[in-house]
Structures are given as C-alpha cells and as structure tokens.
Amino acid sequence: VSLVLFLAATASAADPDGFVPLFNGKDLTGWEQKGGQAKYTVDNDEIVGTSVPNTSNSFLCTKKHYSDFILEYEFKIDPSLNSGVQIRSNSLPEYKNGRVHGYQVEIDPSARAWSAGIYDEGRRGWLNNLADNEPARKAFKQNEWNKVRVEAIGDSIKTFLNDVPAADLKDDMTPSGFIALQVHGVGGKTEPLEIRWRNLRIKDLAK
C-alpha cells in the first residue's frame, strides 16, 4: 500500500520548475467531456482528439479550475482540422444552456496561421489574432509538434508559439475556469481528423 501511495504522490508532484502534469499519460482521470461527441483517447502518453461528423465543438475539460498559472503543452494537428485549448473557461446552466465559453488559445493550421492567438469561445470572438504578428505566424510547423506556453496572471494573458511571442492580451472578463482541449466541429465531413496533445503541464500561481 505504501508503494501505491508513493507512486500516487509522485505522479502529481511538482518538478524543479514548479510544474505538475495535467495528464497522467495513461487515462483521462481528472478530465470530463462537454459539448460535442468528438472522440478522446489516450495513445503513447498523448491525448488524441478525433473528429466525428455532424456534432458541435467538443471539449475535454479539466475538473479542476485555475486562475493564475503558466501552462505548457505540445500539439500536432491534421492540416484540415481546427482546434484550440480553452483556459479560464466555464460551462454554466444559465449561460446558453451550459455552452463552453471562455478564452481559447487557437490552433490554426490553415494558411491564416493564427495558432496561439486568443479567441473568446462562445462569447465575443477574436480578442487577439495574429494578423499583425508575422513572426508568430511563421513559427507554426505544419505536420509537426508545436509547443505553446500560456502565461495567465491577473488580467494579462500572454502566449508563445515555439518560443516566439504570439498574443498579448489584457482582459478581466473571466478570472478563473477550467482548461479544455477542443476538437472543432467538421460539419458532415466523414473522414476522421486528428489532433494530438502531449507534455501538458501547469504551474499554478494562485495564492
């Protein structure tokens, strides 16, 4: 029993930089799905999101809520899919019957290349796109792993794509909420499209 307790404790222990994993590498314990019916599975220490036809945007959400934090993760996405990572997001019965809403760090493999821009899902739309940030747009790697860092502290949200500064937003509408992995709806497209996430980790700065 002591070994089991030790392994459980070390699994969520902070690394020397103060980060803890958001994903245990084995199953989706600590997460719950909201919104659409896209499929979420675990493969090779990665969370895999797979599109399904005729469903709305899907979200795999942390059960825990966060306010001030530094979040890091890597993603690799099919060029035909759209996705994102929700931060400080919520699903409330009184808001559009529980629709997931809040800040989304975009994943955009299209020619527009606004990955790591900030979109307000289910609410106000784009808050900080990358139309005027050519270095960040060029930082995206098609068909490869991309690393994102998000610094959410008070009313400041900053993002970095492959170590290149991307979005820099000041906004105080939502101070806390869950983190969620989005698979965008694909309409009637029947071909399954895939996004993978790995090395999800967070440094909780809340006092």
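Quick summary incoming for the structure in this document. (Residues numbered from 1 in each chain as written. Predicted model: local features only at pLDDT ≥ 70, side-chain atom pairs only at ≥ 80, totals over all residues. Heavy atoms only, no water.)

On to the packing of aromatic side chains, then. A complete count under the given rule lists 4 aromatic pairs for this structure. Where Phe-75 meets Phe-140, the ring centres are 6.3 Å apart and the plane angle is 20 degrees; that geometry is what we call stacked. Linking Phe-75 in strand S6 (residues 69-77) with Phe-140 in the loop between helix H2 (134-139) and strand S11 (146-153), this pair joins segments that are 65 residues apart in sequence. Look at Tyr-119 and Trp-126: their rings are 5.3 Å apart centre to centre, the planes differ by 75 degrees, and that puts the pair in the edge-to-face class. You can call Trp-126 partly exposed: its relative accessible area is 27%. The structure contains a cluster of three or more aromatic residues connected by ring pairs, namely Trp-114, Tyr-119 and Trp-126. Directly above the ring of Tyr-103 sits Arg-123, whose terminal nitrogen or CZ lies 6.0 Å from the centroid. Taking NZ or CZ as reference, Arg-198 lies 3.9 Å from the ring centre of Trp-145, over its face. (Phe/Tyr/Trp six-rings, centres within 6.5 Å; stacked < 30°, edge-to-face > 60°. Helix = DSSP H or I, 4+ residues; strand = E, 2+ residues; numbered from the N terminus. Buried < 20%, exposed > 50% of the residue type's maximum accessible area, 1.4 Å probe, protein only. Lys NZ or Arg CZ within 6 Å of the ring centre and 35° of its normal.)

This next bit is on the sheet that holds strand S2 (residues 31-35). Judged by pairing direction, the sheet is antiparallel, and its 7 strands sit side by side in the order S2-S5-S14-S7-S8-S9-S10 without closing on themselves. Only two strands of the sheet have a single partner each, and these edge strands are S2 and strand S10 (125-128). Sheet twist, expressed as the average angle between the axes of neighbouring strands with direction ignored, equals 30 degrees. Pairing of strand S8 (residues 101-107) with strand S9 (residues 118-121), which is carried by 4 bridges, proceeds in the antiparallel orientation. Pairing of Gln-104 across the sheet is with Tyr-119, part of S9. (Pairing = 2+ DSSP bridges. Axes fitted to C-alpha atoms, helices over the stretch in contact; angles between N-to-C directions.)

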